[in-house]
Amino acid sequence: MTGPRTQDERDALTVEIVFALVTAGLLAAVLYVVVDSPALFGDLGRAQERAWQGAAFAVATVGFAVRLVRALWLFSRHRR
């Protein structure tokens, strides 16, 4: 793409970025709760709870990053 972007193109990019961030955040929250549910709702020891929380944080972080990159990458491919 050459030249400056139009206002419509800038608005579309802004909306797509916000959409990607919101959906990635929601996915990360759901993944965290699903993976951490044994620690949230179970009667586990402190070490086991921390292990589940660490795993949940890792899965949620990866899910957030993958969703964000995928949504923005698909948007950029769609614009071409």
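Residues numbered from 1 in each chain as written. Predicted model: local features only at pLDDT ≥ 70, side-chain atom pairs only at ≥ 80, totals over all residues. Heavy atoms only, no water.

**Some remarks on the UniProt feature "transmembrane region" (unreviewed entry) in the chain**
Part 1 of the reasoning: In the numbering used here, UniProt assigns the "transmembrane region" (unreviewed entry) feature to residues 12-35 and 55-75.
Part 2 of the reasoning: For residues 55-75, the helix share is 100%, the strand share is 0%, and the end-to-end C-alpha distance is 30 Å. (UniProt positions renumbered as here; feature names shortened; annotations may be inferred. Helix = DSSP H or I, 4+ residues; strand = E, 2+ residues; numbered from the N terminus.)

**A word on the packing of helix H1 (residues 7-41) against helix H2 (residues 46-79)**
Part 1 of the reasoning: Between H1 and H2, whose axes approach to 7 Å, the crossing angle comes to 155 degrees. Viewed along their axes, H1 and H2 adopt a mutual orientation that is roughly antiparallel. Where H1 crosses over H2, the handedness of that crossing is right-handed. (Axes fitted to C-alpha atoms, helices over the stretch in contact; angles between N-to-C directions. Parallel < 35°, antiparallel > 145°, perpendicular 65-115°, else oblique. Left-handed = near helix turned anticlockwise from the far one by under 90°.)

**Let's talk about H1**
Part 1 of the reasoning: Spanning 35 residues, H1 covers 49 Å between terminal C-alpha atoms, matching the ideal 51 Å at 1.5 Å per step.
Part 2 of the reasoning: Its axis deflected by about 50 degrees at Val-35, H1 carries its strongest bend there, up to four residues before the proline Pro-38.
Part 3 of the reasoning: Within H1, burial applies to Glu-16, Ala-20, Thr-23, Ala-24, Ala-28, Val-35, Asp-36 and Ala-39.
Part 4 of the reasoning: Looking at the buried positions of H1, the neighbouring elements they touch are H2. (Expected span 1.5 Å × (residues − 1). Bend = angle between axes of the 7 residues up to and from the residue. Buried < 20%, exposed > 50% of the residue type's maximum accessible area, 1.4 Å probe, protein only. Contact = heavy atoms within 4.5 Å.)

**Some points on H2**
Part 1 of the reasoning: In a regular helix each residue adds 1.5 Å, so 34 residues correspond to 50 Å; H2 covers 49 Å between its end C-alpha atoms and thus fits that length.
Part 2 of the reasoning: When H2 is considered as a whole, its buried residues turn out to be Ala-56, Ala-60, Gly-63, Leu-68, Ala-71 and Phe-75.
Part 3 of the reasoning: Packing partners of the buried residues in H2 comprise H1.

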